[in-house]
Amino acid sequence: MNPMNYVYLSALLFSIGAAGVLLRRNAIVVFMCVELMLNATNLAFVAFARMQGNLDGQVIAFFVMVVAAAEVVIGLAIIVTIFRTRRSASVDSANLLKY
Amino acid sequence: MTISGSTLVALAAAGTPTGTATGTGEAVLFWLLAPIAVLASLGMLFSKKAVHSALLLALTMLCLAAFYLAQDAPFLGVVQVVVYTGAVMMLFLFVLMLVGVDSSDSLVETLRGQRIAAIVAALGFGALLVFSIGDVVVSNAGLATANADGNVQGLAALIFSRYVFAFEVTSALLITAALGAMVLAHRERIERPLNQRQLSEQRFRGGVHPAPLPGPGVYARHNAVDTPALLPDGQPADVSVSRVLLARGDVRKAPGADVVVRDASEIERPGDDQ
Amino acid sequence: MPTILAAETTQAADATGVFALSWLLIALPLLGAAVLLLGGRRTDKFGHLLGTAMPFAAFVIGVVQFVAMLGRDPENRTFSQHLYTWLPVGSFQVDAGLLVDQLSMCFVLLITGVGTLIHIYSIGYMEHDPDRRRFFGYLNLFIAAMLLLVLADSYLLLYVGWEGVGLASYLLIGFWSYVPEYAAAAKKAFVANRVGDFGLSIAIMIMFAQFGSVSFDGVFAGADGASEGALTAIGLMLLLAACGKSAQFPLQSWLGDAMAGPTPVSALIHAATMVTAGVYLIVRSAPVFNGAPDAQLVVVIVGAITLIFGAIVGTAKDDIKKALAASTMSQIGYMMLAAGLGPIGYAFAIFHLLTHGFFKAGMFLGAGSVMHGMNNQVEMRRFGGISSVMKITWITFGLGWLAIIGVPPFSGFWSKDKIIEAAFVGEGWRPWVFGGAALIGAGVTAFYMTRLFLMTFHGERRWTDDVHPHESPKIMTIPLMVLAIGSAALGLILGPTNALVHWLEPVTGAHGEEAPVLSVPVLTGLTLLLIAVGVAWAYSLYVRQPVPEVAPAGSVLTRAARRDLYQDAVNESLLMRPGQYLTRFLVWFDNRVVDGAVNGLAALLGGTSGRFRRLQTGFVRSYALSMFLGAALLVGAMLLVRL
């Protein structure tokens, strides 16, 4: 099997995640889609690390995970706060910052 | 979880050749799990309920963990399972429970042209990526030499030497994130809490339901929270079931009742105005 | 050029002794002005006394200097005092220095003497004005500026005094600036003066370009060998300056409106300061004019026109102050005419200036005294018969009247007669035209001054019911008496002896006796005859016949004269209206074209932005979509480049 298949899978998952970010209105689901996109890149990193024969890609993937964890914590806290004040978790309802 | 993890490790180890080509075991694993991952992520995208999305995402992540293991990245595979699937997704579920359900779960598109544009953009982007990936000259060096002392040791050597600065910065990031989450989620109480007397007075002043709300129905076939009780005139008492269930549409019809619960928002409940 | 120029023959001695105090002449009134204007209301109590003491002190210094000057040889009466180097710019050095000579001395005595009398008079006249202290501050400033003007030893320093006079006159004419007409009159005077100032500044520039110097010495030394064209240009520009300051045709229109100021101001402007500055400038610049016959001719023409012009206007005015103003214009016309005649006339111009200073100051102050008793009325048709209630004013005014119309032996006779004689000197058409103008002017002067005098002091009492005329207080009548004595006697002292002519000879240059085209007794007889006719005619019109309280319609000439011979109308149609049209066009251009272009551009940008703004919907997903499309474009572009 060609190891590039992992990269194809990664691109596919990334696109699905991106479509989710654009289509879903529930902030939590949008956030999950972002996580999916991060995971897809991680997969690509790991696949490339294997192709290149060194561990740098895995290190980067590791850092991405750490950052993603921090991001999730903050993001969810923001969602909770927004929900508390607006009684809604829809990303469309927070649209005051406009013309 | 650990059991499935170890089996996957075994499976992956069996399929991993030592060299440039991928082995048959890995190919089987890939073609088995890749469709599952894609389907699960598509399901996450299209499922109406956020909880389902979360669970399907967890499934996708598990598949990815398997792929990590198959590609000589056991450390990342384990971290993926433990941190992502275990911790992060649980956090998602907690928040889901906290926030509850509302109209944002609806799949009806409200922005004009957004759906078509999003689908076109995602498909186009994916096509571009695939097209460009197809152009890449592939080498397959394998990680046998890099992982000679073990994957964890190899990663550790890198993290604590070349990437030590990034690693330290990451620690600062994590602390900041923890603090930030506390600050954001914390709510300052700006008025004194009501004591029992005031709560009681408030409850009677509202005048809708001074007494506790009626419990759900208890029937011969159902003795469950999802079935409304019947009022003396045979009407189902809508307030007798949890509104979360109403919002999810998980309320059963009361036996003998010809009135169907219309919509969660139309039911007047005490305390909604707080 | 038979004339021997003073600047070449006598070298100015450095000022010593009492002449070293020359700077005090200017500094004292300036100090008074500074104290009164900067001291504010603290100086209200003693302000008028200080303001009067300063010019008086200057007058005392002037008298002492005059006596000291009399004690020296005529050739050694010129003193220069170097104060400091004002503009040390490379080779261009301008010293701030004073020049005290016979000509300056005449002016110093006139300015400080008559000025002091006017100050004393003002103490009484302005007694009830809440801003009397400020008034005295301005008066002192006026005196200081005028003294600087006549004592300066260079045209540039003279220009400083010249501008100071303009400023002080503006402040004083507009002293009651809360009346809009008065404020407008002050502005009018200032603007008309600016036209003249423009001429002076150009003259100074030409001097600098031609001679490389702006000091009197340097310019006069250079004028000797300069081309006639340059001298004519300088002369005409100096004449323009003199026309502005001395209210000569065609810049005379401000003088009548300048009556808006308090009456002592009118006296000061007309007698001691301001309008005499133009005559001083011409006489002081004698070496320049002597080399430019064309410029001299223009000076004479301007003088003759103004002489007749002022006289005609004076016959029709019913406002006592405006009639006096017209007469000033006419009398200054005499002086200009004399100054334009060259060395033969300079001394007589100054002579007439001095006598005029006395009798005109006396008459203005007398008019102020009449107004003081008549509730500030100025309409002569509502006067009449005042002689019985204001005897001192009547007598002093009468002496001034006799002096101005030129009845012997009063001072106007001596000075004016000399001018008429000088005007008749020459060849060809000139003596007949200019002499005739001067002669006719004398007759008309007699008519309108008699009219003024009789309408005011004689005839029936045409007073409005609420006036109760009374004699003015002593502080006002004493200056009147002093001035009246001067009006009566000054000519007698200086005229027959030719004392002034000899006194001024070192400055203005000597000239031989030249006979007029008609013999002197004939001319004198003609003048007296015309004066007698004018007086008699006025008597028959305004005493024998009742004076109507409302002015009759009058002939075309009368109506024109009442409107100052349409000088304001001419100025309006020639200068003001085109200016207004130009301004309106520019306003329109600015509003429509300039602003239109700017606003149109702004509106275009604003409209476009308003439409682009709609892209900011506030929906995060829209933004994410555009980001994503951007990323897709980027990837596509990279791919395209690589392919």
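Conventions used here
- Residues numbered from 1 in each chain as written.
- Chains lettered and ligands numbered in written order.
- Predicted model: local features only at pLDDT ≥ 70, side-chain atom pairs only at ≥ 80, totals over all residues.
- Heavy atoms only, no water.
- Helix = DSSP H or I, 4+ residues; strand = E, 2+ residues; numbered from the N terminus.
- Expected span 1.5 Å × (residues − 1).
- Buried < 20%, exposed > 50% of the residue type's maximum accessible area, 1.4 Å probe, protein only.
- Contact = heavy atoms within 4.5 Å.
- Buried area = accessible area lost by both parts, 1.4 Å probe.
- Salt bridge = Lys/Arg side-chain N within 4 Å of Asp/Glu carboxyl O.
- Polar contact = N/O pair within 3.5 Å; in protein donor to acceptor, adjacent residues only side chain to side chain.
- Nonpolar A, V, L, I, M, F, W, Y, C, P; charged D, E, K, R; others polar.
- Phe/Tyr/Trp six-rings, centres within 6.5 Å; stacked < 30°, edge-to-face > 60°.

A.B. asks: I tried to follow helix α2 (residues 22-39) of chain C on my own but got confused; where do I start?
C.D. replies: Think of an α-helix as turning once every 3.6 residues; residues three or four places apart then point the same way. Residues and elements named next belong to chain C. In this model, α2 (18 residues) spans 26 Å end to end at C-alpha, consistent with the 26 Å of a helix rising 1.5 Å per residue. Taken residue by residue, α2 has Ser-22, Leu-25, Ile-26, Leu-28, Pro-29, Gly-32, Ala-33, Leu-36 and Gly-39 as its buried positions. On its buried side, α2 packs onto α3 (47-70), β2 (79-89), β3 (92-100), α4 (102-125) and α5 (132-151). Positive phi appears at Gly-40, one or two residues downstream of α2, with a value of about 70°.

A.B. asks: Help me out: how do you make sense of the interface of chain C and chain A in this one?
C.D. replies: Accessible area lost on assembly of the parts is the figure often given for the size of an interface. Taken together, the contact between chain C and chain A spans 12 residues of the former and 14 residues of the latter. Between chain C and chain A the total buried area reaches about 1100 Å² when both faces are included, carbon and sulfur atoms providing 63% of it. Looking only at chain C, the three residues that lose the most surface to chain A are Phe619(C), Arg621(C) and Phe628(C), adding up to 50% of its buried area. Arg621(C) is paired through a salt bridge with Asp92(A); the nearest N and O atoms lie 2.6 Å apart. Our count for the contact surface shared by chain C and chain A stands at 3 residue pairs in polar contact (both at pLDDT 80 or more). Here the element with the most residues in the side of chain C that touches chain A is helix α25 (residues 620-642) of chain C; it accounts for 6 residues. Tallied by class, the residues present in the side of chain C that touches chain A amount to 6 nonpolar, 3 polar and 3 charged.

A.B. asks: Just to check I follow, could you spell out the packing of aromatic side chains for this structure?
C.D. replies: Geometry of an aromatic ring pair is reported as the spacing of the ring centres plus the angle between the planes. All chains considered together, the criterion is met by 34 aromatic pairs over all chains. Summarising the aromatic geometry, the rings of Tyr6(A) and Phe30(B) are spaced 5.1 Å apart at their centres and angled 85° between planes, so their arrangement reads as edge-to-face. Highlighted residues: Tyr6(A) in helix α1 (residues 4-23) and Phe30(B) in helix α2 (residues 24-46), drawn from two different chains. Of the two residues, Tyr6(A) and Phe30(B), both sit in the buried class. When the ring of Phe216(C) is compared with that of Phe220(C), the centres are 5.8 Å apart and the planes differ by 5°; the resulting orientation is stacked. You can see Phe216(C) and its partner Phe220(C) sitting in helix α8 (residues 216-223), 4 residues apart, about one turn around the helix. Accessibility classification places Phe216(C) together with Phe220(C) in one group, the buried group.

A.B. asks: What am I meant to see in the side chain of Ser88(A) here?
C.D. replies: All names here are of chain A. Tracing the chain through its elements places Ser-88 in the segment after α3 (56-86). Residue classification places Ser-88 among the buried positions, given a relative accessible area of 12%. Only 3.0 Å separates the side chain of Ser-88 from the backbone nitrogen of Ser-90, close enough to count as a polar contact.

Structural measurements only, silent on function.
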